Amino acid sequence: MNRDAPLVLGIETSCDETGVGIVRGTTLLANVIASSMEEHARYGGVVPEVAARAHLEALGPTISAALDEAGIELAEVDAIAVTNGPGLAGALMVGVGAAKALAVALDRPLYAVNHLVGHVGADLLDHEAPLETPTIALLVSGGHTSLLLVRDLVSDVELLGETIDDAAGEAFDKVARLLGLPYPGGPEIDRAAVGGDPKAIRFPRGLTQPKDQAAHRYDFSFSGLKTAVARWVEQREAAGEPIPLADVAASFREAVVDVLVSKAVAACIDLGVPRLLLGGGVVANARLRQVAEQRSDAAGIVLRIPPLSLCTDNGAMIAELGAQLVMAGHPPSALGFGADSTLPVTDIQA
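Remember, predicted model here, so these are calculated numbers, not experimental data.

## As for the pattern of salt bridges
Counting across every chain of the model gives 16 salt bridges. Between Arg-304 and Asp-123 there is a salt bridge, with its nearest N and O atoms 2.5 Å apart. Pair noted here: Arg-304 is in strand S10 (residues 302–304) and Asp-123 is in the loop between helix H4 (115–121) and strand S6 (135–140), with a separation of 181 residues, a long-range link. Comparing Arg-304 with Asp-123 shows no difference in burial state: the two are buried. With a shortest N-O distance of 3.2 Å, Glu-170 and Lys-174 are connected by a salt bridge. Here the residue Glu-170 and the residue Lys-174 both occupy positions in helix H5 (residues 168–178), the gap between them amounting to four residues, near one helical turn. When salt bridges that share partners are traced, they join Asp-166, Glu-170, Lys-174 and Lys-226 into one network.

## Considerations on the sheet that holds strand S7 (residues 145–152)
Taken together, the five strands give an open sheet; going across it, the order is S8-S7-S6-S9-S10, and neighbouring strands pair in mixed fashion. Pairing within the sheet leaves two strands with one partner each, and these edge strands are strand S8 (156–162) and S10. Between one strand and the next, the sheet's axes are offset by a mean angle of 25°, whatever the strand orientation. Bridge count for strand S9 (residues 275–279) against S10 is three bridges, and the pairing is parallel. Looking at S10, one finds that Leu-277 is bridged to Arg-304.

## Remarks on the packing of helix H8 (residues 223–238) against helix H9 (residues 245–271)
Put simply, H8 and H9 touch, their axes get as near as 11 Å, and they point 160° apart. As far as their axial angle goes, H9 and H8 are roughly antiparallel. Relative to H9, the crossing made by H8 is right-handed. Every residue of H9 that contacts H8 at Leu-225, Val-229 and Trp-232 is listed here: Val-248, Phe-252, Ala-255 and Val-256.

## Here's the deal with helix H6 (residues 185–192)
Considered for burial, the residues of H6 that qualify are Gly-185, Glu-188, Ile-189, Asp-190 and Ala-192. Buried residues along H6 sit in contact with H5, H9 and helix H10 (286–299).

## Topic: the nonpolar core
In this structure, Ile-136, Leu-138, Leu-147, Phe-203, Phe-222, Phe-252 and Leu-260 are the most contacted members of the largest nonpolar core, which totals 49 residues. The dominant element in this core, judged by the number of residues it contributes, is H9, at 14 residues. For Ile-136, the contacting residues outside a window of four places in its chain are Leu-147, Leu-148, Leu-149, Leu-160, Ala-264, Ala-267, Cys-268, Leu-271, Val-273, Arg-275, Leu-276 and Leu-277. Ala-79, Leu-116, Ala-122 and Val-326 belong to the second-largest nonpolar core, a separate cluster that totals 32 residues.

## Some details on H8
Under the 1.5 Å per step criterion, the end-to-end length of H8 is 23 Å for 16 residues, consistent within 8% with the ideal 22 Å. For H8, the complete set of buried residues consists of Leu-225, Lys-226, Val-229, Ala-230, Trp-232 and Val-233. Considered in projection along H8, the buried side chains sweep an arc of 160° and stay on one side of the axis. When the buried face of H8 is taken as reference, the exposed residues oriented beyond 90 degrees from it are Gln-235 and Ala-238.

## A closer look at the pairing of strand S3 (residues 27–35)
Two elements, strand S2 (residues 17–24) and S3, share eight bridges in a ladder whose sense is antiparallel. By the bridge assignment for S3, Gly-21 is matched with Asn-31. What sits between S2 and S3 in their antiparallel hairpin is a turn of two residues, with Gly-25 showing a positive phi close to 65°.

## Focus on the environment of Thr-27
Structurally, Thr-27 can be placed in strand S3. When the C-alpha positions of Thr-27 and Asp-347 are compared, they lie 25 Å apart, and in sequence the two are 320 residues distant.

## Let's talk about the packing of H6 against H9
Viewed as axis vectors pointing N to C, H6 and H9 meet at an angle of 125°, and their least axial separation amounts to 8 Å. In terms of their interaxial angle, H6 and H9 are classed as oblique. In this structure, H6 crosses over H9, and the sense of that crossing is left-handed. Taken together, the residues of H9 that come into contact with H6 (itself represented by Ile-189, Asp-190 and Ala-192) are Leu-245, Ala-246, Ala-249, Phe-252 and Arg-253. Here the contact of H6 with H9 is built from residues that sort into six nonpolar, no polar and two charged.

## Examining the pairing of S6
For S6, the buried fraction is high: six of the six residues fall into the buried class. Here S6 shows a buried face lined by Thr-135, Ala-137 and Leu-139 and a second buried face lined by Ile-136, Leu-138 and Val-140. Bridging between S6 and S7 involves six bridges; their strand directions are antiparallel. Counterpart to Leu-138 in the pairing with S7 is Leu-147. Counted along the chain from S6 to the antiparallel partner S7, the turn is four residues long.

## Focus: the environment of Cys-268
Within the secondary structure, Cys-268 is located in helix H9. Measuring from C-alpha to C-alpha, the distance between Cys-268 and Glu-69 comes to 38 Å, with 199 residues separating the pair along the chain. Leave out the neighbours within four places in its chain, and Cys-268 touches Ile-136, Val-273, Arg-275, Leu-276 and Ile-301.

Calculation notes
Residues numbered from 1 in each chain as written. Predicted model: local features only at pLDDT ≥ 70, side-chain atom pairs only at ≥ 80, totals over all residues. Heavy atoms only, no water. Salt bridge = Lys/Arg side-chain N within 4 Å of Asp/Glu carboxyl O. Helix = DSSP H or I, 4+ residues; strand = E, 2+ residues; numbered from the N terminus. Buried < 20%, exposed > 50% of the residue type's maximum accessible area, 1.4 Å probe, protein only. Pairing = 2+ DSSP bridges. Axes fitted to C-alpha atoms, helices over the stretch in contact; angles between N-to-C directions. Parallel < 35°, antiparallel > 145°, perpendicular 65-115°, else oblique. Left-handed = near helix turned anticlockwise from the far one by under 90°. Contact = heavy atoms within 4.5 Å. Core = buried A, V, L, I, M, F, W, Y, C linked by side-chain atoms within 4.5 Å. Expected span 1.5 Å × (residues − 1). Arc of directions from axis to C-beta. Nonpolar A, V, L, I, M, F, W, Y, C, P; charged D, E, K, R; others polar.

Here it is in structure tokens:
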């Protein structure tokens, strides 16, 4: 095996996207994603059983497409990496089973890795400057909203805080639904907010009051915000008044972004870490990136955001975390590991 720049194939099936990526060291060779989002749209959210079946159908063709994109044969791969958690149990099982089969058939080492830490690893791909540690990482997606302290990518990741109810992406989906917008809600609210006034309605910022600082300084809560939007819309409808969609969307988005960035910047300042990394599908939100850049610059914090194609769930980030483990000399995972839907972020490798 080439331990200086290992050729690693990564498989990611934690939710509704079948991702297969191939890297050589920190060089991205392929990143192929098959999404089942359209199948879930009719239900207004991800249905675990539908996701698992979609992974079963898509995984073989996606692996073939990734090999073609990378211009390699499967036998050339040095190691296999796979997400074993956190995520939807049934979906994870599909990827884990496929990865084990490949590892045994090819007689290659297998690395079972943490999905959330993989989002941090995505920043290493084709980046001119290496990722300096320690760094604060804010991961925002449909299923996760987490604030991490990354001292070492492959051996020391600490959870500072996370959502205690809805994830940010989940809140976007729910508010989009009550505003009559289609799934997924993030891009739809982004579009609806164009021309809207983000200060038109002062929606609540969860867990930001002085009374919350001791127990929840770095935690997030968006359930109350979602309810506040619903009550505001209901009151307008009951009064027979029109709903200013752009203002509601812009004001809701501003409340989410304000909380996310405020807590991330606070963590950087409190812990003396002048580096912030954003990851997860919600990073595609233009306002989130804009506010993060503005507040990071004002606080003297270096902000890093991977390419948007590597922010959503993908196999390349899993392959890269696997490659980092190989290069650091970590032994492979034993084949007895299973899918763990609630895998803690501190468990970087099974």
